[in-house]
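# A structural walkthrough
What follows is each chain in one-letter form.
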Amino acid sequence: METAERFRAAVEKRDLTALEGLFTEDVRLYSPVKFVPFEGRAMVLGLFGVLLRVFEDLRYIGRLDGAVETSADGEEAPSVVLPFRATVGGKQIHGIDLLQFDEAGLIKEFTVMVRPQSAVHALGQAVLAGLVADGLAPAPAAG
């Protein structure tokens, strides 16, 4: 089974262990709730530990294959887009996961896009709470 299908199966089964071998060591995950990417396999797996708890009734609803330009000289990386639906904190989310692969077929970049804006806000709050609870992010300063 190829990487995208293994990824989809692991997420749908909420199997964090099955995700471990699918990412490059220096993977970057671009999130709709953070300006800078999550970097490195350990951090991305930690984030997925939170996401698998936060997303309710997550289901992938399709797949689009293609390539994404990754450099100024026009190099392209194989990629897969996985549209999904989920609920977070009672908010319905529509989104896509864009997976870009390296030469070995591992996920080297991962971009998540979600809508609507109210769902992005609910997702951001839930993910931050989970990252803080798991010791992966500092607690926000009281204001």
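Residues numbered from 1 in each chain as written. Predicted model: local features only at pLDDT ≥ 70, side-chain atom pairs only at ≥ 80, totals over all residues. Heavy atoms only, no water.

### Describing the packing of helix H3 (residues 41-54) against helix H4 (residues 117-133)
At a closest axis distance of 9 Å, the pairing of H3 and H4 adopts a crossing angle of 120°. Considered as vectors, H3 and H4 are oriented oblique to each other. The interaxial crossing formed by H3 with H4 has right-handed handedness. Within the contact between the two elements, H3 uses Met43, Leu47, Val50, Leu51, Arg53 and Val54 and H4 uses Leu123, Ala126, Val127, Gly130 and Leu131. A breakdown of the residues in the contact of H3 with H4 according to their chemical character gives nine nonpolar, one polar and one charged. (Axes fitted to C-alpha atoms, helices over the stretch in contact; angles between N-to-C directions. Helix = DSSP H or I, 4+ residues; strand = E, 2+ residues; numbered from the N terminus. Parallel < 35°, antiparallel > 145°, perpendicular 65-115°, else oblique. Left-handed = near helix turned anticlockwise from the far one by under 90°. Contact = heavy atoms within 4.5 Å. Nonpolar A, V, L, I, M, F, W, Y, C, P; charged D, E, K, R; others polar.)

### Considering the pairing of strand S5 (residues 76-88)
Of all the 13 residues making up S5, ten are buried; the element is thus mostly covered by neighbouring parts of the structure. Bridging between strand S3 (residues 56-60) and S5 involves three bridges; their strand directions are antiparallel. Note that in S5 the partner of Tyr60 across the bridge is Phe84. In the sheet, S5 pairs with strand S6 (residues 91-101) via ten bridges, with the strands oriented antiparallel. (Buried < 20%, exposed > 50% of the residue type's maximum accessible area, 1.4 Å probe, protein only. Pairing = 2+ DSSP bridges.)

### Quick look at empty space enclosed by the protein
Over the atoms rolls a probe the size of a water molecule, and its path tells where empty space is left. Taken as a whole and assessed by the stated rule, the structure comprises one cavity of 30 Å³ or more. Looking at the largest cavity, its volume works out to about 190 Å³. Contributing elements (two or more residues each) for the lining of the largest cavity: H3, S3, strand S7 (107-115) and H4. Counting residues per element, the lining of the largest cavity draws most heavily on H3, which supplies four residues. Counted by class, the lining of the largest cavity contains 17 nonpolar, one polar and one charged residues. (1 Å grid on protein atoms, 1.4 Å probe; cavity = no way out; pocket = protein on both sides within 12 Å on 5 of 7 lines; lining within 4 Å. Points joined across faces, edges and corners; volume = space filled by probe spheres on them.)

### Regarding the pattern of salt bridges
Inspection of the entire model under this criterion finds seven salt bridges. For Glu5, the salt bridge is made with Arg63, and the minimal N-O distance between the two is 2.8 Å. Here Glu5 is found in helix H1 (residues 3-12), whereas its partner Arg63 is found in the loop between S3 and strand S4 (64-69), with 58 residues between them in sequence. Judged by relative accessible area, Glu5 falls into the partly exposed class, the value being 27%. (Salt bridge = Lys/Arg side-chain N within 4 Å of Asp/Glu carboxyl O.)

### As for H4
In this model H4 runs 24 Å from its N-terminal to its C-terminal C-alpha over 17 residues, within 8% of the 24 Å that 1.5 Å per residue would give. The complete set of buried residues in H4 reads Ala119, Val120, Ala122, Leu123, Gly124, Val127, Gly130 and Leu131. Considering only its buried residues, H4 is in contact with strand S2 (38-39), H3, S5, S6 and S7. Immediately beyond the C-terminal end of H4, within one or two residues, lies Gly135, with a positive phi of roughly 75°. (Expected span 1.5 Å × (residues − 1).)

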